[in-house]
Amino acid sequence: AVKEDGGDGWRFFSPGQHDQDQQRLAIVNGLRTAIERNELSIRFQPIVVAESGRIVGAELLLRWNSSEGEIPPAVFIPIAEMTGVIVPIGAWVFRQACLAEADWRRRWGAEAPYVSVNVSPRQLIKESLVEEFAAILRETGADPARLLLEITETALMADVELNLRILRRLTDLGLRVAVDDFGTGYSSLAQLTRLPVAVLKIDRAFVDGLDKRPEHRAVIRAVIGLGRALGLKLVAEGVETDAQCLELRAHGCEFAQGYYFHRPLEEPAFVATLESGLRGGGLPDPALSLYF
Ligand code: C2E
Ligand code: MG
Ligand code: MG
Ligand code: MG
């Protein structure tokens, strides 16, 4: 079984191959029953206008409180993807996203934040994905135009023809698509322009490198220039400092997400944060939001 000796046992646990297989097996078995055992939960990380800090959206981030303790997504998501368990889990997360969208829109109307949700490449290749998402949208009454599907650049570029077909069907439902972790994969510009994407999320690694590595600054400027030229919205991930935020704004990046603004929050804290922002900041400027 999996051993956790206080703190983040996972990071410091360096098992041999056999133990590693055992650990993986324990995770896979645990994940298979995680939904029914109520072990999965969602955090909401605000996405803001970089200049004003006004919240325009939230990314849903999965958390797993397993019988062995909290296991970070960086550990269980890759295993869930490898084994395919991400497919039912991904459908569960999408349903949570739809429930949140419908609930928030009832609560805040046009001021409700949009909802960003991660979609794994394993989900995209499932034949029935589009029907499944359509059914969840119907059941929950969510507005697809206020949902953003985050797909990593690497996943998108792995099979552009296939993804193009699926993304067209998803965007036909009214859903929007964001390229997640942009800058880490190898996009051909020609391919990128063929895909129906609305948003580029600049990978945290480049934001982190802004003041440390000159070549990262060059990548950021190039990505922002590219996004703007293509008419895409830009979100910088992992913004942690005032200096990073100022520089991203100076280069023309409109939206940001990161600890400098907010950590991933439980829903009540997210709701409270948004409501105090709405009260304190007056009506949001619709021209600044992602969609309106
Ligand atoms: P991601 O989609 O790129 O999500 C952003 C990650 O960056 C989150 O990590 C978030 O907590 C973290 N982050 C945000 N701001 C900062 C910051 O200022 N500094 C630092 N150091 N980190 C920041 P998290 O929640 O651990 O998730 C990691 C990855 O796991 C996600 O990366 C995503 O690829 C995957 N993931 C999470 N939830 C889901 C899900 O529901 N489905 C799928 N398929 N993947 C998911
Ligand atoms: Mg994401
Ligand atoms: Mg990301
Ligand atoms: Mg990332």
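Coordinates for the structure precede this section.
Residues numbered from 1 in each chain as written. Chains lettered and ligands numbered in written order. Predicted model: local features only at pLDDT ≥ 70, side-chain atom pairs only at ≥ 80, totals over all residues. Heavy atoms only, no water.

S.K.: Sorry if this is basic, but what is going on with the pairing of strand β5 (residues 147-152) here?
M.R.: Put simply, side chains in a regular strand alternate between the two faces of the sheet. The buried fraction of β5 amounts to 5 of the 6 residues, a majority that puts the element mostly inside the structure. In this structure, β5 lies alongside strand β6 (residues 176-182), joined through 5 bridges in parallel fashion. The residue bridging Thr-152 from the neighbouring strand is Asp-180, located in β6. (Buried < 20%, exposed > 50% of the residue type's maximum accessible area, 1.4 Å probe, protein only. Helix = DSSP H or I, 4+ residues; strand = E, 2+ residues; numbered from the N terminus. Pairing = 2+ DSSP bridges.)

S.K.: Sorry, what's going on with the packing of aromatic side chains here?
M.R.: Aromatic ring pairs are reported here in terms of the distance separating the ring centres and the angle at which the planes meet. Considering all chains together, one arrives at 7 aromatic pairs under this definition. Note on Phe-94 and Phe-133: the rings are 3.7 Å apart at their centroids and 5° apart in plane angle, and the pair reads as stacked. Here the residue Phe-94 occupies a position in helix α4 (residues 86-108), and Phe-133 occupies one in helix α6 (residues 129-140), the gap between them amounting to 39 residues. By relative accessible area, Phe-133 is classed as buried at 1%. In this arrangement the basic side chain of Arg-107 is found over the ring face of Trp-108, its NZ or CZ atom lying 5.5 Å from the centre. Between Arg-263 and the ring centre of Tyr-259, over which it is positioned, the NZ or CZ distance is 3.9 Å. (Phe/Tyr/Trp six-rings, centres within 6.5 Å; stacked < 30°, edge-to-face > 60°. Lys NZ or Arg CZ within 6 Å of the ring centre and 35° of its normal.)

S.K.: Help me understand the coordination of the magnesium ion (ligand 3) in this model?
M.R.: By definition of the ideal shapes, four donors in a tetrahedron about a metal sit 109.5 degrees apart, and six donors in an octahedron sit 90 or 180 degrees apart. Taken together, Asp-180 (OD), Asp-181 (OD) and Glu-237 (OE) make up the protein donors of the magnesium ion (ligand 3), found 1.7 to 2.3 Å from the metal. Here the donor residues for the magnesium ion (ligand 3) map to a single chain with the spacing D-D-x55-E. In this model, the magnesium ion (ligand 3) sits 3.7 Å from the magnesium ion (ligand 2), the two metals being bridged by Asp-180. Judged by its relative accessible area of 24%, Asp-181 falls in the partly exposed class. (Donors = N, O, S within 2.8 Å, 3.2 Å for Na, K, Ca; no water.)

S.K.: Can you walk me through the site of ligand 1 in this structure?
M.R.: Surrounding ligand 1, one finds 22 residues, the nearest of these being Arg-63, Asn-118, Asp-180, Glu-240 and Tyr-259. With respect to ligand 1, the side chain of Arg-63 contributes an N or O atom lying 2.9 Å from an oxygen atom. The separation between an oxygen atom of ligand 1 and a polar main-chain atom of Tyr-259 is 2.8 Å. Computed on the free molecule, ligand 1 has an accessible area of 800 Å², of which 84% lies beneath the protein chains in the complex. Those elements giving two or more residues to the shell around ligand 1 turn out to be β2 (55-66), α3 (73-83), α4 and β6. Of the residues assigned to the shell around ligand 1, the class counts are 9 nonpolar, 5 polar and 8 charged. (Near = heavy atom within 4 Å. Polar contact = N/O pair within 3.5 Å; in protein donor to acceptor, adjacent residues only side chain to side chain. Areas by Shrake-Rupley, 256 points an atom, 1.4 Å probe, with all protein chains shown as cover. Nonpolar A, V, L, I, M, F, W, Y, C, P; charged D, E, K, R; others polar.)

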